[in-house]
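Notes for the structure review
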Amino acid sequence: MLSADFLHLEKDVELVNEHADLFHLDVMDGVFVPNISFGFPIVEAIAKKSTKPLDVHLMIVQPEKYVDRFAKVGADMISFHVNATEDPAAVLAQVRSHGVQAGLVINPDLPVESLFPYLKDCDFVMLMSVFAGFGGQKFIEETYDRVRALKAEIQRQGLNIPIEIDGGVSAANSKALAEAGAEILVAGSAVFKAEDPAAVIQQMKA
Ligand code: ZN
């Protein structure tokens, strides 16, 4: 939703309701990432109109201070970065205590191994395929190998949790990502900047 039209947010919410599977909301604090996006009022406003789950991606330091409030305003999934907190396992448990799905995220410069100790505590995991903080960046090609390595470890641990990909995802790479083992694809500008956003979503889902 970072690429949505904030002056006509309801129109873009309806587009997602009708054609996509979930709302991905990028919350940035200007500290963990060099950008500031939006917070509780926008998440709450979207929650009121959404008929699809709200996937709140926290790019903030100390997510433990805010997960309770994001759960309260309507998040169905909350993810945060593994290096944004002292005790990721505790924050994952905190998210789950609200009946919300908990996810861990890493930027492209952290090895996928940094997620391995926490996989058993996650409902999903997310790989950034650009550096967190801005929309409209170019997709990093090494992501495919990272998906395959992460998928192999998830299976080795006997788990069944989806891998989500965030950043530079479009109809041009969605098929290869799915083949590598990704199950949730986040697209922002590829959808909202398209002539026919619904068609792009359908193309990616196909
Ligand atoms: Zn995101």
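Residues numbered from 1 in each chain as written. Predicted model: local features only at pLDDT ≥ 70, side-chain atom pairs only at ≥ 80, totals over all residues. Heavy atoms only, no water.

As for the nonpolar core
What counts, and what does not: Take the buried Ala, Val, Leu, Ile, Met, Phe, Trp, Tyr and Cys residues and link them wherever side-chain atoms come within 4.5 Å; each set so joined is a nonpolar core. Under the scheme applied here, a residue whose accessible area is under 20% of the maximum for its type counts as buried, over 50% as exposed, and between as partly exposed, the area being computed with a 1.4 Å probe on protein chains only. We call two residues contacting when some pair of their heavy atoms lies within 4.5 Å.
Counting residues in hydrophobic clusters, the biggest one holds 58 residues, and the most contacted among them are Met-1, Ile-78 and Leu-150. Setting aside residues up to four positions removed in sequence, Leu-150 forms contacts with Val-112, Leu-115, Phe-116, Leu-119, Val-125, Leu-127 and Ile-163. Met-59, Ala-84, Met-128 and Val-130 belong to the second-largest nonpolar core, a separate cluster that totals 10 residues.

Description of the side chain of Asn-173
As a reminder, the rule being used: What counts as a helix is a DSSP run of H or I of at least four residues, what counts as a strand is a run of E of at least two, and both are numbered from the N terminus.
Along the chain, Asn-173 falls in the loop between β6 (163-166) and α6 (174-180). Accessibility expressed as a relative area gives 6% for Asn-173, which makes it buried. Each residue touching Asn-173, except ones within four places of it in the same chain, is listed here: Phe-139, Tyr-144 and Gly-168.

Notes on the pairing of strand β3 (residues 77-81)
Note on strand geometry: in a regular strand, side chains alternate between the two faces of the sheet. What counts is decided by this rule: Strands were regarded as paired on the criterion that DSSP finds at least two bridges between them. For a crossover, the right-handed case is the one in which the path from the first strand over the helix to the second runs clockwise, viewed with the strands pointing away from the viewer.
The buried count for β3 comes to five of five residues, which makes it a mostly enclosed element. Residues of β3 alternate between two faces, with Met-77, Ser-79 and His-81 on one and Ile-78 and Phe-80 on the opposite face, all of them buried. With four bridges connecting them, strand β2 (residues 54-59) and β3 associate as parallel partners. Within β3, the residue paired with Asp-55 across the bridge is Met-77. What joins β2 to β3 is helix α3 (residues 67-72), and the crossover it makes is right-handed. Running through helix α4 (residues 88-96), the crossover from β3 to the neighbouring parallel element strand β4 (residues 101-106) is right-handed.

Concerning the coordination of the zinc ion
What counts here: Donor criterion used throughout: N, O or S atom within 2.8 Å of the metal, extended to 3.2 Å for Na, K and Ca. Water excluded; incomplete-looking sites may result. The geometry test gives tetrahedral to four donors whose angles all lie between 85 and 135 degrees, gives square planar to four donors and octahedral to six donors whose opposite members are over 155 degrees apart with all other angles between 65 and 115, and gives irregular to the rest.
Listed as protein donors to the zinc ion are His-24 (NE2), Asp-26 (OD), His-57 (ND1) and Asp-166 (OD); their distances from the metal cover 1.9 to 2.1 Å. Because the angles between the four donor atoms bound to the zinc ion fall within 89 to 157°, the donor set is best described as irregular. Along the chain, the residues that donate to the zinc ion are spaced as H-x1-D-x30-H-x108-D. Remark: His-57 occurs in strand β2 and Asp-26 occurs in strand β1 (residues 23-28); sequence separation between them is 31 residues. His-57 sits in the buried class, given a relative accessible area of 0%.

Structural measurements only, silent on function.
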